[in-house]
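Descriptive analysis of the structure
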Amino acid sequence: MSQAQIHASTRRGEPPTVDHVTGEVRVPLALYALDDHQGDAELVLSRADAQRLLDALPQAVRPRLEVVS
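Here goes a summary of the coordinates provided. (Residues numbered from 1 in each chain as written. Predicted model: local features only at pLDDT ≥ 70, side-chain atom pairs only at ≥ 80, totals over all residues. Heavy atoms only, no water.)

A closer look at the environment of Pro16
Operational definition: Where helices and strands are cited, they refer to DSSP runs of H or I of at least four residues and of E of at least two residues respectively, numbered from the N terminus. Between two residues, a contact is recorded if the distance between any of their heavy atoms is within 4.5 Å.
With respect to the helices, strands and loops of the structure, Pro16 is situated in the loop between β1 (6-10) and β2 (17-18). For Pro16 and Ala48, which are 32 residues apart along the polypeptide, the C-alpha to C-alpha distance reads 15 Å. Beyond its immediate stretch of four places on either side in the chain, Pro16 contacts Val25, Arg26, Val27 and Pro28.

Next up, the structure:
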């Protein structure tokens, strides 16, 4: 199976949680092969990694305009 067929999505209705003692951020994910649900997992990030991801997301989701010459 190609890597493009394997993906993860956030689990609907399950927001990320924060451990206020350790600072860990946990993002609930659903894992898929094509559209077939394979299971669930949590993406666990340090507070610093979560902040870097949050800072990078606006650029990653911004539509890219193609220059036509």
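Brief notes about the nonpolar core
Note the cut-off: Buried Ala, Val, Leu, Ile, Met, Phe, Trp, Tyr and Cys residues form a nonpolar core when they are joined through side-chain atoms within 4.5 Å. Burial status follows relative accessibility: with a 1.4 Å probe on protein chains alone, a residue under 20% of its type maximum counts as buried, one over 50% as exposed, and anything between as partly exposed.
One finds Val25, Val27, Leu29, Leu45 and Ala50 forming the largest nonpolar core, which totals 5 residues. The element that contributes the greatest number of residues to this core is strand β3 (residues 25-33), accounting for 3 residues. Leaving out residues up to four positions away in the same chain, Val27 has contacts with Thr10, Pro16, Ala41, Glu42 and Leu43.

Description of the pattern of salt bridges
Note on pairing: side chains with opposite charge can pair once their charged atoms come close. The condition that has to hold: Here, a salt bridge means any Lys or Arg side-chain nitrogen found within 4 Å of an Asp or Glu carboxyl oxygen.
The full count for this structure, using the stated rule, is 4 salt bridges. Arg26 is the partner of Glu42 in a salt bridge, and the nearest nitrogen-oxygen pair spans 2.9 Å. Taken together, the residues Glu42 in strand β4 (residues 36-45) and Arg26 in strand β3 connect sequence positions 16 residues apart. On the basis of relative accessible area, Glu42 is assigned to the partly exposed category, the value being 42%. Between Arg52 and Asp49 there is a salt bridge whose closest N-O contact spans 2.3 Å. With Arg52 and Asp49 both in helix α1 (residues 47-61), this residue pair falls 3 residues apart, about one helical turn. Overall, the relative accessible area of 34% leaves Asp49 in the partly exposed class.

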